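# Topology and contacts: notes
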Amino acid sequence: MQTHQYDVVIVGAGGAGMRAALESSTRARTAVISKLYPTRSHTGAAQGGMCAALANVEEDNWEWHTFDTVKGGDYLVDQDAAEVMAKEAIDAVLDLEKMGLPFNRTPEGRIDQRRFGGHTRNHGEAAVRRSCYAADRTGHMILQTLYQQCVKQDVEFYNEFYVLDVVLTHDLSAGTVPDGEEVSVAGVVAYDLASGEIHVFRAKSVVFATGGAGKIYKTTSNAHTLTGDGMALALRRGIPLEDMEFFQFHPTGLAGLGILLSEAARGEGAILRNSEGERFMERYAPTIKDLAPRDMVARAMANEVREGRGCGPNKDYVLLDLTHLEPAHIDAKLPDITEFARTYLGVEPYTEPVPVYPTAHYAMGGIPTTIDAEVLRNNTDVVKGLFAAGEVACVSVHGSNRLGTNSLLDINVFGKRAGIAAARYAETAPWHEMPDDASVATVEYIERLRDHATGERIADIRRELQETMDRNAQVFRTRDSLTTALSDITALKKRYRDASVQDKGRRFNTDLMEGVELGFLLDLAEVVVVGALAREESRGGHFREDFPTRDDERFMLHTMAYQRVRGDGQGTVELDYKPVIITRYQPMERKY
Amino acid sequence: MTALAESTTSARAEVGAVPSFDVTLRIRRFDPDNGAEPRWEEFTVTAHGTDRVLDAMHKVKWEVDGSLTFRRSCAHGICGSDAMRINGRNRLACKALLKDLDPSKPITIEPIKGLPVIKDLVVDMEPFFASYREVMPFLITHGNAPSKERLQSPEDRARYDDTTKCILCAACTSSCPVFWTDGQYFGPAAIVNAHRFIFDSRDEGAVQRLEILNDKEGVWRCRTTFNCTEACPRGIEVTKAIQEVKRAMITRAF
């Protein structure tokens with residue numbers, strides 16, 4: 001075992017983690033720990049853009065952006081947080097430009113902007129050009145630019161280190177620590193993939209920036225590595241997860257594969273059509289049609305398929321039509337996604353429409369934080385020194401449905417805030433004792449998994465989990481489907497305890513780490529489903545066919561899910577709720 | 001075969017209309033911890049429709065031998081984790097479709113060359129990233145930053161567009177015969193990333209970068225074999241970029 005000490009430890013090296021590191025490393029001794037090389041992080045897969053009311057090409061202002069974000073999130077957004085994000089968006093884009101990000105430009109040389117779903121002029125009048133972009137590889141450019149700046153600042157990285165535990169001064173898992181009591185972070189426990197060695201990092205501040213958990217689903221735009229590690233670690237240590245039942249299904253995944261085709265395609269004029277060739281979004285969102293928010297478009301697509309207007313031999317997808325766009329325009333604005341269609345489906349988007357179907361894309365929920373990225377351990381108390389930013393966190397700026405481009409914005413605005421807050425806190429905070437046995441639980445966990453002589457394969461359990469989540473907790477949900485999912489997950493968790501991995505070695509044991517990651521996925525899927533069962537309404541990304549309308553009387557509340565460990569040592573999910581912060585906008589019916 | 005895999009198959013078959021087939025992967029295995037010499041191992045799995053090499057490798061890892069070790073993440077050619085030597089050519093396993101590789105013959109899969117092998121298909125990427133870091137791959141400017149964005153015309157932006165696409169997968173560098181024989185050579189990827197800034201109208205660090213690349217291990221080692229351009233999974237004209245850097249070094253025009 002090796003030990004390290006840093007003022008600030010950042011877990012995760014995607015957009016949020018590296019944006020935090022750029023702030024923190026100039027102020028405090030900082031290490032970034034990532035299970036991947038930083039440039040492999042999934043921020044790089046984001047395509048369409050990052051919204052900010054620069055008003056470079058038409059009238060716009062941050063208040064309209066705030067409103068769109070609140071309405072897009074079906075009013076479950078904390079409005080103070082949305083206002084912070086929309087205001088700071090402008091500087092966030094300018095910061096990136098100054099770091100060298102190669103944005104597309106207007107003829108005058110300004111940062112160009114284009115339309116995106118749910119972003120409108122003057123509270124919904126018409127679509128507005130707000131998304132700043134670099135072709136359809138904006139996330140790639142952000143990830144590269146932030147890494148370049150980390151190289152420039154000589155940020156210290158621990159690459160291919162998996163953080164497997166977070167150490168707190170109190171055990172919160174039984175729910176017995178009184179409200180108001182001061183609880184602090186002491187550090188993290190990590191596993192070095194190359195050597196199999198355990199490293200304990202003592203730190204005054206820890207920032208979680210570990211991204212999402214799309215691998216709870218089978219059909220997903222997410223990377224294989226998006227297994228919700230940070231969320232699950234927090235959950236297991238007694239920290240709640242907020243609004244996890246809200247999962248975004250991106251409308252345009254490549255059919256059967258789930259690979260993302262950016263909303264930018266529709267922003268540039270592409271149209272969704274059913275088997276009758278009808279532009280069906282005209283029926284669902286008469287004003288902004290194909291540029292309605294993702295939850296509405298995904299449901300509309302699923303509904304077209306259910307009602308028999310799907311395409312293909314099994315009528316199980318719809319078509320994204322770009323054929324009326326000029327090939328030169330497609331090449332200039334959408335080069336990557338058209339190449340995906342060619343490579344993976346053999347479809348030529350110049351002349352043929354592309355088969356698409358919704359794909360699990362983004363967790364609106366996550367570790368609850370304040371607007372300064374401090375992690376909450378209940379509705380009011382923060383864990384001192386613990387921060388979270390990006391998809392792992394729930395501020396909540398996305399409410400029950402995130403607008404396109406607001407994730408790249410979120411990681412930049414709240415990553416920056418987290419880095420500053422973590423470094424500031426570390427300036428005056430005391431060191432907390434790292435107990436001698438801090439790594440014991442982690443070591444026992446991985447040794448049990450590795451040394452189990454025989455047992456079921458990790459991959460089999462994972463596949464069954466992903467299948468039941470796709471079938472029972474996707475775009476349409478009912479009490480019956482969710483109950484089925486929950487009983488499946490309970491059975492799979494039991495089987496997981498006796499599972500084993502084939503690779504028994506210490507060197508670069510990815511088999512073992514997939515086993516650990518499956519444990520995270522099982523815990524998170526359970527939280528998603530338990531929250532979804534209890535939320536007997538339909539709002540944003542959560543649609544209950546047995547409760548098809550929004551119910552503000554009962555559910556204008558954030559879900560706070562806790563994993564409580566009782567006598568038998570097994571965790572059960574318990575729910576509480578937290579009020580939504582409403583400042584300017586009273587909830588209205590959501591129409592587009 | 002599970003029900004799930006079958007449903008995936010049908011979903012894909014209707015799109016790509018390519019039937020299932022058996023495919024044999026001939027994979028270079030090596031684990032220094034078990035004392036054995038590097039060896040070839042063959043696995044035959046059933047693949048479907050539009051499956052990629054990565055899908056077949058996952059099938060081996062998840063259903064046959066969990067110890068088969070390789071890096072992967074995004075699985076659609078964006079993250080750069082899974083560059084490997086497939087049938088003698090560097091590619092991303094997630095972008096190489098089995099049906100395009102003549103699956104009637106065994107498909108050979110080896111680690112990329114010129115970097116130390118850690119285990120199976122996993123190589124030590126540190127020397128690669130060290131070269132990248134040496135070319136100062138970040139925007140260098142002097143003077144005060146403007147209050148708003150720096151202006152850049154669409155033409156100036158287009159000048160370096162090709163080299164912004166790099167995902168640092170190392171497919172180019174590890175396909176370069178000069179790099180194979182001389183690990184000190186910066187390699188194509190580092191030069192591509194220098195190019196990305198040298199030709200960015202906002203950047204003021206070109207002279208410094210050209211000085212670095214004028215080194216005996218710099219651009220002059222390039223023998224224009226075009227392996228790098230052929231290997232690049234992002235379609236970057238790597239050799240052309242290297243030539244442009246060479247020309248800039250002589251003409252000082254950029």
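All values derive from a computational prediction rather than experimental measurement. (Residues numbered from 1 in each chain as written. Chains lettered and ligands numbered in written order. Predicted model: local features only at pLDDT ≥ 70, side-chain atom pairs only at ≥ 80, totals over all residues. Heavy atoms only, no water.)

What follows covers the UniProt feature "active site" (unreviewed entry) in chain A. Residue and element names in this part refer to chain A. UniProt records the feature "active site" (unreviewed entry) for Arg-294 in the present numbering. Positionally, Arg-294 belongs in helix α8 (residues 294–306). Owing to a relative accessible area of 6%, Arg-294 belongs among the buried residues under this scheme. For Arg-294, the contacting residues outside a window of four places in its chain are Phe-116, Gln-248, Phe-249, His-250, Pro-251, Glu-263, His-361, Asn-401, Arg-402, Gly-404 and Thr-405. (UniProt positions renumbered as here; feature names shortened; annotations may be inferred. Helix = DSSP H or I, 4+ residues; strand = E, 2+ residues; numbered from the N terminus. Buried < 20%, exposed > 50% of the residue type's maximum accessible area, 1.4 Å probe, protein only. Contact = heavy atoms within 4.5 Å.)

A separate point is the pairing of strand β1 (residues 2–11) of chain A. Look at any regular strand and the pattern is simple: side chains alternate between the two faces of the sheet. Residues and elements named next belong to chain A. Here β1 pairs with strand β9 (residues 197–208) via nine bridges, running parallel. Across the sheet, residue Gln-2 finds its bridge partner in β9, namely His-199. In terms of strand pairing, β1 meets strand β2 (residues 30–34) through four bridges, oriented parallel. Residue pairing in the sheet places Val-8 in a bridge with Thr-30 of β2. Handedness of the crossover is the feature at issue here: the chain leaves β1, passes through helix α1 (residues 15–24), returns alongside β2, and the resulting connection is right-handed. (Pairing = 2+ DSSP bridges. Right-handed = clockwise from strand over helix to strand, strands pointing away.)

Turning next to the nonpolar core. One finds B:Leu25, B:Val53, B:Met57, B:Ile109, B:Leu213 and B:Val245 to be the most contacted residues of the largest nonpolar core, which totals 126 residues. Among the elements that line this core, the one with the most residues is helix α11 (residues 406–428) of chain A, at ten residues. A domain-level breakdown of this core finds at least three residues from each of domain 1 (17–123) and domain 2 (126–140 + 153–253) of chain B. Each residue touching B:Ile109, except ones within four places of it in the same chain, is listed here: B:Leu25, B:Arg26, B:Ile27, B:Arg28, B:Trp40, B:Val53, B:Met57, B:Met84, B:Arg85 and B:Leu121. Core analysis: the second largest hydrophobic core is formed by 92 residues, A:Tyr217, A:Leu241, A:Phe508 and A:Leu518 among them. (Core = buried A, V, L, I, M, F, W, Y, C linked by side-chain atoms within 4.5 Å. Domains from an automatic or database assignment.)

Another point: the layout of surface pockets. All names here are of chain A. There is about 940 Å³ of room inside the second largest pocket. Along the wall of the second largest pocket there are 33 residues; nearest its centre are Arg-236, Tyr-445, Asp-523, Gly-569 and Gln-570. Broken down by secondary-structure element, the contributors of at least two residues to the lining of the second largest pocket are β7 (161–168), α5 (229–236), α12 (440–451), α14 (479–496), α15 (510–534), β19 (557–565) and β20 (571–579). Residue contributions to the lining of the second largest pocket peak at seven residues, all from α15. (1 Å grid on protein atoms, 1.4 Å probe; cavity = no way out; pocket = protein on both sides within 12 Å on 5 of 7 lines; lining within 4 Å. Points joined across faces, edges and corners; volume = space filled by probe spheres on them.)

On to the sheet that holds strand β12 (residues 271–273) of chain A, then. Residue and element names in this part refer to chain A. With antiparallel pairing, four strands are arranged side by side in an open sheet as β11-β14-β13-β12. Each edge of the open sheet carries a strand with a single partner, namely β11 (247–254) and β12. Neighbour-to-neighbour, the strand axes of this sheet turn through a mean angle of 45 degrees, independent of strand direction. Taken together, the three bridges between strand β13 (residues 318–321) and strand β14 (residues 354–363) define a ladder with antiparallel strand orientation. Residue pairing across strands places Leu-320 opposite Val-354, the latter belonging to β14. Running at roughly 70 degrees to β11, helix α10 (residues 335–345) makes contact with β11 and β14 of the sheet. (Axes fitted to C-alpha atoms, helices over the stretch in contact; angles between N-to-C directions.)

Many descriptions give the size of an interface as the accessible area lost when the pieces come together. Residue and element names in this part refer to chain B. Domain annotation of chain B identifies domain 1 (17–123) and domain 2 (126–140 + 153–253). Taken over C-alpha atoms, the centre of domain 1 sits 28 Å from the centre of domain 2. On the domain 2 side, the residues contacting the 14 residues of domain 1 number 15 residues. With both sides pooled, the region where domain 1 packs onto domain 2 buries about 1,200 Å², and carbon together with sulfur makes up 61% of that total. In this structure, the connection of domain 1 to domain 2 is made through four residue pairs in polar contact (both at pLDDT 80 or more). (Buried area = accessible area lost by both parts, 1.4 Å probe. Polar contact = N/O pair within 3.5 Å; in protein donor to acceptor, adjacent residues only side chain to side chain.)

All names here are of chain A. Segmentation of chain A into domains returns domain 1 (255–358) and domain 2 (439–573). Centre-to-centre separation of domain 1 and domain 2, based on C-alpha positions: 31 Å. With seven residues of domain 1 at the interface, the matching set in domain 2 holds seven residues. Considering only the surface of domain 1 that becomes buried against domain 2, Asp-295, Arg-299 and Arg-306 emerge as the three largest contributors, covering 71% of it. Scanning the region where domain 1 abuts domain 2 turns up one salt bridge. The interface formed by domain 1 and domain 2 holds two residue pairs in polar contact (both at pLDDT 80 or more) in total. The biggest single contributor to the side of domain 1 that touches domain 2 is α8, with six residues. (Salt bridge = Lys/Arg side-chain N within 4 Å of Asp/Glu carboxyl O.)

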